[in-house]
Amino acid sequence: MDKILRCITSNGGVMASAIDSTNLVYTAQRVHKTSPVVSAALGRLLTASSMMGAALKQKEATITLRVAGGGPVGSLVAVADSRGNCRGYAANPSVELERKANGKLDVGAAVGREGLLYVMRDYGTGEPYIGQTPLVTGEIAEDITSYYAHSEQIPTVCALGVLVDREDASVLLAGGLLLQLLPGASEEEIAMLERNVAALEPVTTMLAKGMSIEEMCRKALSGFEVEVLDEMEVGYVCNCSRDRVVRAVSLLSREELISMAEEPQGFAEAQCHFCDKTYRISSEELYQMAAAKK
């Protein structure tokens, strides 16, 4: 299992989260059969959602991130719970693009830059909070940073990385780092954090060197006294089930249910966007649902 760690400076001025999301991003790639550039784009969004979800205080709360940038990949969606477990999908998972001149995957071109990042926090106690900001680069990390600055007025640095093998296109490493200034931060601390951020290596470079997520946090917070708040295991987790599908289908009108029941194959199928699992509902069940609506 992957892990996420959250810590804070002793005077409460800076909050930091770090995650090694290699396994969950690899799982997403395997489930959705994503191309290298889509693996990187979706992997970054999943990684960000896990760190943002783990910061939710309410136990049953969830956060949904959706990126619609107008690029060939279409919409990207990631959903995470307060334990950091997440799931997601890309509208067009097989998009192929040439790499940039420096050899890096062109996530910005795949995602597009003419759109929005939507963030929905659902606390399970009423209307969810929904925020949105224009995309900055389509590279995901900069867009998350911009969201916090403009929608929540929290100075933030977000670093995300997904390393994909050039030979077999499999995900080798993935991770993220989220740094946030809190109201108690002094000018001196802000300056020190800025110097640390400027000196940071890419997330996947730090992971490739064998650094732990705690070491990543402490490097980003060099010069600060750091207190670890919590560390938890996270993964790619889908909460779909046949019961959920049946309940959703039962909400259709009587006419729609009968129409589905009369299809030649004798059953209806529903596929989960997040894990690609397919559920079948027999014509007998569909007729029973229709009869219950009389």
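Nothing here was measured: the structure is a model prediction, and the numbers come from that model.

Chemist: Any chance you could explain the sheet that holds strand 9 (residues 171-181) here in plain terms?
Modeler: Here five strands make up an open sheet; going across it, the order is 8-9-2-1-10 and the pairing antiparallel. Across the chains shown, the open sheet's two edge strands, defined by having one partner strand only, are strand 8 (156-164) and strand 10 (226-234). Between one strand and the next, the sheet's axes are offset by a mean angle of 10 degrees, whatever the strand orientation. Where strand 1 (residues 2-9) and strand 10 come together, eight bridges link them in antiparallel fashion. In the sheet register, Ile 4 faces strand 10, and the bridge partner there is Met 232. Most of the contacts of helix 1 (residues 22-32) go to strand 9, to which it runs at about 125 degrees, and overall it touches strand 1, strand 2 (14-20), strand 8, strand 9 and strand 10. Against the sheet, helix 4 (residues 141-151) contacts strand 8 and strand 9, and its axis sits at roughly 160 degrees relative to strand 8.

Chemist: Looking at this model, I keep getting lost on helix 2 (residues 36-54). Mind explaining?
Modeler: At 3.6 residues per turn, the α-helix brings residues three or four places apart onto the same side. Between its first and last C-alpha, helix 2 extends 27 Å over 19 residues, near the 27 Å set by a 1.5 Å rise per residue. Of all 19 residues in helix 2, 19 are buried, a share of seventy percent or more.

Chemist: Please clarify how the packing of helix 1 against helix 2 should be interpreted in this entry.
Modeler: In a pair of packed helices, the angle between the axes and the distance between the axes together describe the arrangement. Two numbers describe how helix 1 lies on helix 2: the axes approach to 9 Å, and their chain directions differ by 130 degrees. Judged by the angle between their axes, helix 1 and helix 2 are oblique. Once helix 1 is placed against helix 2, the crossing between them reads as right-handed. Contacts between helix 1 and helix 2 pair Leu 24, Val 25, Ala 28, Gln 29 and His 32 from the former with Ser 39, Leu 42, Gly 43, Leu 46 and Thr 47 from the latter. Across the contact of helix 1 with helix 2, the residue classes break down as five nonpolar, five polar and no charged.

Rules of the game
- Residues numbered from 1 in each chain as written.
- Predicted model: local features only at pLDDT ≥ 70, side-chain atom pairs only at ≥ 80, totals over all residues.
- Heavy atoms only, no water.
- Pairing = 2+ DSSP bridges.
- Helix = DSSP H or I, 4+ residues; strand = E, 2+ residues; numbered from the N terminus.
- Axes fitted to C-alpha atoms, helices over the stretch in contact; angles between N-to-C directions.
- Contact = heavy atoms within 4.5 Å.
- Expected span 1.5 Å × (residues − 1).
- Buried < 20%, exposed > 50% of the residue type's maximum accessible area, 1.4 Å probe, protein only.
- Parallel < 35°, antiparallel > 145°, perpendicular 65-115°, else oblique.
- Left-handed = near helix turned anticlockwise from the far one by under 90°.
- Nonpolar A, V, L, I, M, F, W, Y, C, P; charged D, E, K, R; others polar.

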